[in-house]
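# Examining the three-dimensional arrangement
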Amino acid sequence: MDTSQGNPMMDDGLTLQRTKDGGPRIDCRNIKVFYGQAEAIHDVSMSFPDRAVTALIGPSGCGKSTFLRCLNRMNDTIENCRVEGKILMDGEDINDADVDPVLLRSRVGMVFQKPNPFPKSIYDNIAYGPRIHGLANGREDLDAIVEKSLRRAGLWDEVKDRLSAPGTGLSGGQQQRLCIARAIAVQPEVILMDEPCSALDPIATARIEELIDELRNRYCIVIVTHSMQQAARVSQRTAFFHLGNLVEMGDTGQIFTNPREKRTEDYITGRFG
Amino acid sequence: MTDTARNPDSKAKAMKRLKKRRAADGRFRFYGLSAILTALGALAVLVITIGSQALSAATYHVVNYDITLDPAVIAPEGAGRPEDIGRNVEGFYGLVRDNLLETFPEAAEDRASRREVADFVTRLAVLPTAQMVAKQPELVGTRITLTAPLNDDLDLYLKGQGVRERKLDVGAIASIKGEAEGGYRVTGAGAFDAVVAAMAVAAADLPADAPEPSVLLTAGPSTGRLTEISAGSAHLELLTGKIRDFARLQSKARLIVALESERTISDQQIAWTLALKDMDRIDRVPRTTLLTNSDSTYPELAGGLAAIVGSLLTMLITALVAMPIGILAAVYLEEFAPKNRVTEFIEVNINNLAAVPSIVFGLLGAALYINFLGMPRSAPLVGGLVLALMTFPVVIIASRAALKAVPPSVRSGALAVGASQMQTVFHHVVPLAAPGILTGAILGMARALGESAPLLLIGMVAFVGDVPRSPTDESTVMPVLIFSWSNNAERAWEPLTSAMIIVLLAFLLLMNGLVVFLRRKYERRW
Ligand SMILES: Nc1ncnc2c1ncn2[C@@H]1O[C@H](COP(=O)(O)OP(=O)(O)O)[C@@H](O)[C@H]1O
Ligand SMILES: [Mg+2]
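Computed from a prediction, not measured in an experiment: that's the story for all the values here.

## Overview of the overall build of chain A
Helix and strand content of chain A: twelve helices and ten strands. The C-alpha atoms of chain A give a radius of gyration of 19 Å, which matches the 19 Å a tight globule of 273 residues would have. Its C-alpha atoms give chain A principal-axis dimensions of roughly 55 × 45 × 40 Å. Buried positions account for 54% of the 273 residues belonging to chain A. Taking contacts inside chain A between residues at least 6 apart in sequence as the whole, the part at least 24 apart equals 66%. When the accessible surface of chain A is totalled, it reaches about 11800 Å², and 46% of it is carbon and sulfur. Within chain A, one finds 33 positive and 38 negative side-chain charges whose respective centroids are separated by 3 Å.

Structure below.
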């Protein structure tokens, strides 16, 4: 594309493409998001590599969640929200008319700020997705999926004796890991996390961060966080948003040690936020 | 603190503010408490007045008649089949009347007395016995005890609620002279002192030219009327029984101030009732017929079964129509419909519909269902449809509130694992909202159950003697039955109406209890 040629951010994506095999999993071009008349995201282009964690940071209200929701078309469910631009996932535009948002969401899982397990048993929380997508052939298969997902989310040992207990009875950190397991169970390629630790205590947070690090080997992970320490700890790539603009994007080390933009530096040194 | 230390004046001000605030708190508590107490008081008065009335209708008096089922009367030539026996009200009633005439030979003397004794029992009261004999024809020819309710006015009299009387002690009676035709002269030193005194008191309240009130003298099964009463002697006219009872047994006098011509029961009937009671032939029993009989023009036979069944059939139709339509409409409006002018307009109109007076729905029902669609009048089908019209806006509003209360995080959670909108709603949102939806629906139904005005307009107020068997049969419902009964003139209907109100309240309590139960059982936290 002509416009992307002169865009320094796209260059970043291209560099990345050269270093990682398989190229960027998701490639966003000129994304604009409107709530009614108000433009919440201004012409953002960026890409997300596979098997890596990308952190979106920025002050509250800068559009991180809004941007994240573009990636699994959750913005479709918000009244008067409109998305413009191209989002290519493995080369296919997810906003195409013939892409079913429901199928897309089974490929792009999401974990929310507040743990929101279904008010059902732990087992059913995990099994629900595979059931509606027909991923399991019979009960044994489903049991296996549940176990595998819970193991991957590091929750298996804690809940294996009470799978029929309600998911809402777990602690906050366990609930959040349950939600991660629920997302994993439908075999997604991408996992979006919107401030997954903001409602958790430090120990539970550390546990989730460890988990994210483990999951990085299998998935393309995008995490929104307001904690710069967290971004530094778990992510390989970091994007800094401000007032709906993507200010800077690069390798996490570079963003935190040697930001190119003044605004990024101000933010990570705590001068505003 | 440092402020107050520096400025002693401001400490005093702070104390003053604190005092004021505490006074305001106290006042508010007082207002709240008095509001609650007023409401509770009103409720208590309602329950006590209706309950005490109803309590008197909870039991009634029945009379036992030992009769021989004479085949010639019960199953005469050519009418001996069981169904003929079951219909032979005249025959059974004749046996009962003969039994009464046998007990009270003086009643046979003239037509008026015969009619008075026949008033004891309503013709139709023998029907259950006739039907029982029809089922067991081997009883024909044997001697059985037929039990039939006592006439409602006499029933009230025995309960002390109809004709008021004062019971008075009578001293020893020394002599009785005279004969049946001209009456007797009863004397005894100071025997009637109490009676004379009571009559003087009663006379003081009456106009000067008022006729003498009735004074009855009872000894065992025998009763007579006293006239020309003085302290030591009186004239006794025997109404029933034997004159020698007055010499033998302790007598009691009854002063009945209400004039005989202004009462529904005569001195003679009172005398017979007292005699039957003395013979232990009258029992006070629970009035189960209130729930097992259908409506009747005789209060002692009337019951609410037809109305209860009518109410249930009507509610069934209402539930079948209003609940699915209301709930599905609510789900659609809340979860699927786009928010635009049209849905806003619909929403406003549903709220308006819920505020429309119920009688308007009755008019609409009469015009639409009966006149236009030609459905049967007075039928639970039409009643149920009318009440459904009235109920479903309530169901929609309650269901939408319940759906709104489901946190959006549940929806986004389901959507994020790739559930479709439909799956999200029906797998997650509706089950969570179900207790609230059901609560709203049942409360709407409870309101419909207590509704009478719209049903009057579609003819469900007609007298219905038979239990409806299908939603298209002629029928009435409990609130309308209460309305009809309360319009009846006879006094006996009053406690009966209260009893029916209690039955209706019991049904409403049952439904509200169901709501509480469903809430407790299925309400889940998330
Ligand atoms: N549903 C919505 N309707 C209208 N405006 C919204 C909505 N959600 C977010 N916004 C606006 O979009 C901007 C970005 O919000 P958001 O993406 O939630 O920011 P962040 O997640 O970075 O805190 C904010 O100005 C917010 O007010
Ligand atoms: Mg956010």
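## Re the confidence of the model for chain A
Per-residue confidence for chain A averages 88 on the pLDDT scale, and 91% of its residues sit at or above 70. Every residue in residues 1-21 of chain A scores below 50 in pLDDT, and together they form 23 contacts with partners more than four places removed in sequence or on other chains.

## Overview of the pairing of strand β9 (residues 237-242) of chain A
Residue and element names in this part refer to chain A. Counting buried positions along β9 gives six out of six residues, so the element sits mostly inside the fold. With burial as the criterion, each face of β9 is covered, one bearing R237, A239 and F241 and the other bearing T238, F240 and H242. Where strand β3 (residues 53-57) meets β9, four bridges bridge the pair, whose relative direction is parallel. Bridging from a neighbouring strand, A55 pairs with T238 of β9.

## Focus: a nonpolar patch on the surface
On the surface, a cluster of nonpolar side chains totalling about 570 Å² of accessible area is made up of I36, L37, L40, L43, L46 and V47 of chain B. One can find I36 of chain B in helix α2 (residues 8-58).

## Examining the site of ligand 1
All names here are of chain A. Around ligand 1, the surrounding shell consists of Y35, A40, S60, G61, C62, G63, K64, S65, T66 and I78. Residue G61 places a main-chain N or O atom 2.7 Å away from an oxygen atom belonging to ligand 1. C62 is positioned with one of its backbone polar atoms (N or O) 3.3 Å from an oxygen atom of ligand 1. Protein contact buries 59% of the 560 Å² of open area that ligand 1 shows by itself. If you tally residues by element for the shell around ligand 1, the top one is helix α3 (residues 64-70), at three residues. For the shell around ligand 1, the residue count by class is four nonpolar, five polar and one charged.

## What about the interface of chain A and chain B?
Accessible area lost when the parts come together is the quantity often used to give the size of an interface. Contact residues are listed per partner, giving 20 residues for chain A and 19 residues for chain B. Between chain A and chain B, a total of about 1600 Å² is buried, with carbon and sulfur atoms accounting for 63% of that surface. On the chain A side of the interface with chain B, the three residues burying the most area are F118, P119 and Y128 of chain A, jointly 31% of the side's total. Where chain A meets chain B, there are zero salt bridges. In this structure, the connection of chain A to chain B is made through five residue pairs in polar contact (both at pLDDT 80 or more). Secondary-structure elements contributing two or more residues to the side of chain A that touches chain B are α4 (101-107), β6 (108-111) and α5 (122-133) of chain A. Of the residues belonging to the side of chain A that touches chain B, the class tally is ten nonpolar, six polar and four charged.

## So, the confidence of the model for chain B
For chain B, per-residue confidence averages 89 on the pLDDT scale, and 98% of positions sit at 70 or higher. Averaged pLDDT values over the elements of chain B bottom out at 54 in helix α1 (residues 2-6) of chain B and peak at 94 in helix α13 (residues 305-336) of chain B.

## A few points about the nonpolar core
Residues and elements named next belong to chain B. L403, I458, M478, W485 and M500 are the most contacted members of the largest nonpolar core, which totals 62 residues. Of all the secondary structure elements, the ones that give two or more residues to this core are α2, α13, α15 (358-372), α16 (380-404), α18 (421-449), α20 (478-487) and α21 (493-522). At twelve residues, α18 tops the list of elements feeding residues into this core. Non-local contacts of W485, meaning those with residues more than four positions away in its chain, are made with L290, D295, A302, G303, G304, W493, L496, T497 and M500. With 45 residues, the next largest nonpolar core counts I85, L216, I265 and A271 among its residues.

## Notes on a positive patch on the surface
Among the surface-exposed residues, K13, K16, R17 and K20 of chain B lie close enough to one another that they form a single positively charged patch. Here R17 of chain B lies in helix α2.

## Looking at the pattern of salt bridges
Residues and elements named next belong to chain A. Counted under the stated rule, the structure contains 36 salt bridges over all chains. The salt bridge involving R29 is made with D27; its shortest N-O contact spans 3.2 Å. Classification of R29 as partly exposed rests on a relative accessible area of 21%. Between E158 and R177 there is a salt bridge, and its shortest N-O distance comes to 2.9 Å. Taken as a pair, E158 in helix α7 (residues 156-159) and R177 in helix α8 (residues 172-185) lie far apart in primary sequence, 19 residues in all. Residues joined by salt bridges that share partners form a network here, namely R25, D50, R51, D90, E92, R107 and E189.

## Details of unusual backbone geometry
All names here are of chain A. Notably, R51 is not glycine yet its phi reads approximately 50°, a positive angle. Looking at where R51 falls in the secondary structure, it is placed in the loop between β2 (38-49) and β3. Unlike most non-glycine residues, R73 shows phi in positive territory, near 55°. Tracing the backbone through its elements, the reader meets R73 in the loop between α3 and β4 (81-89).

## Description of the state of the cysteines
Residues and elements named next belong to chain A. Within this structure, the stated rule accounts for zero disulfides over all chains. Residue C62 stays outside any disulfide, its sulfur separated by 13 Å from that of C70, the closest cysteine. For C220, which is in no disulfide, the shortest distance to another cysteine sulfur is to C28 and amounts to 9.8 Å.

## Some details on the sheet that holds β6 of chain A
Residues and elements named next belong to chain A. What the six strands build is an open sheet, ordered β6-β7-β8-β3-β9-β10; its pairing is mixed. Unpaired on one side and paired on the other, β6 and β10 (245-251) mark the two borders of the sheet. Neighbouring strand axes in the sheet, compared pairwise and without regard to direction, differ in orientation by 15° on average. By the bridge criterion, six bridges tie β9 to β10 in an arrangement that is antiparallel. Paired with R237 across the bridge in β10 is D251.

Conventions used here
- Residues numbered from 1 in each chain as written.
- Chains lettered and ligands numbered in written order.
- Predicted model: local features only at pLDDT ≥ 70, side-chain atom pairs only at ≥ 80, totals over all residues.
- Heavy atoms only, no water.
- Helix = DSSP H or I, 4+ residues; strand = E, 2+ residues; numbered from the N terminus.
- Rg over C-alpha atoms; globule rule 2.2 N^0.38 Å.
- Buried < 20%, exposed > 50% of the residue type's maximum accessible area, 1.4 Å probe, protein only.
- Contact = heavy atoms within 4.5 Å.
- Areas by Shrake-Rupley, 256 points an atom, 1.4 Å probe, with all protein chains shown as cover.
- Lys, Arg positive; Asp, Glu negative; His and termini not counted.
- Charge placed at Lys NZ, Arg CZ, Asp CG, Glu CD.
- pLDDT = per-residue confidence, 0-100.
- Pairing = 2+ DSSP bridges.
- Patch = residues over 30% accessible without salt bridge, like charges linked within 9 Å, V, L, I, M, F, W, Y side chains within 5 Å.
- Salt bridge = Lys/Arg side-chain N within 4 Å of Asp/Glu carboxyl O.
- Near = heavy atom within 4 Å.
- Polar contact = N/O pair within 3.5 Å; in protein donor to acceptor, adjacent residues only side chain to side chain.
- Nonpolar A, V, L, I, M, F, W, Y, C, P; charged D, E, K, R; others polar.
- Buried area = accessible area lost by both parts, 1.4 Å probe.
- Core = buried A, V, L, I, M, F, W, Y, C linked by side-chain atoms within 4.5 Å.
- Disulfide = S-S within 2.5 Å.
- Axes fitted to C-alpha atoms, helices over the stretch in contact; angles between N-to-C directions.

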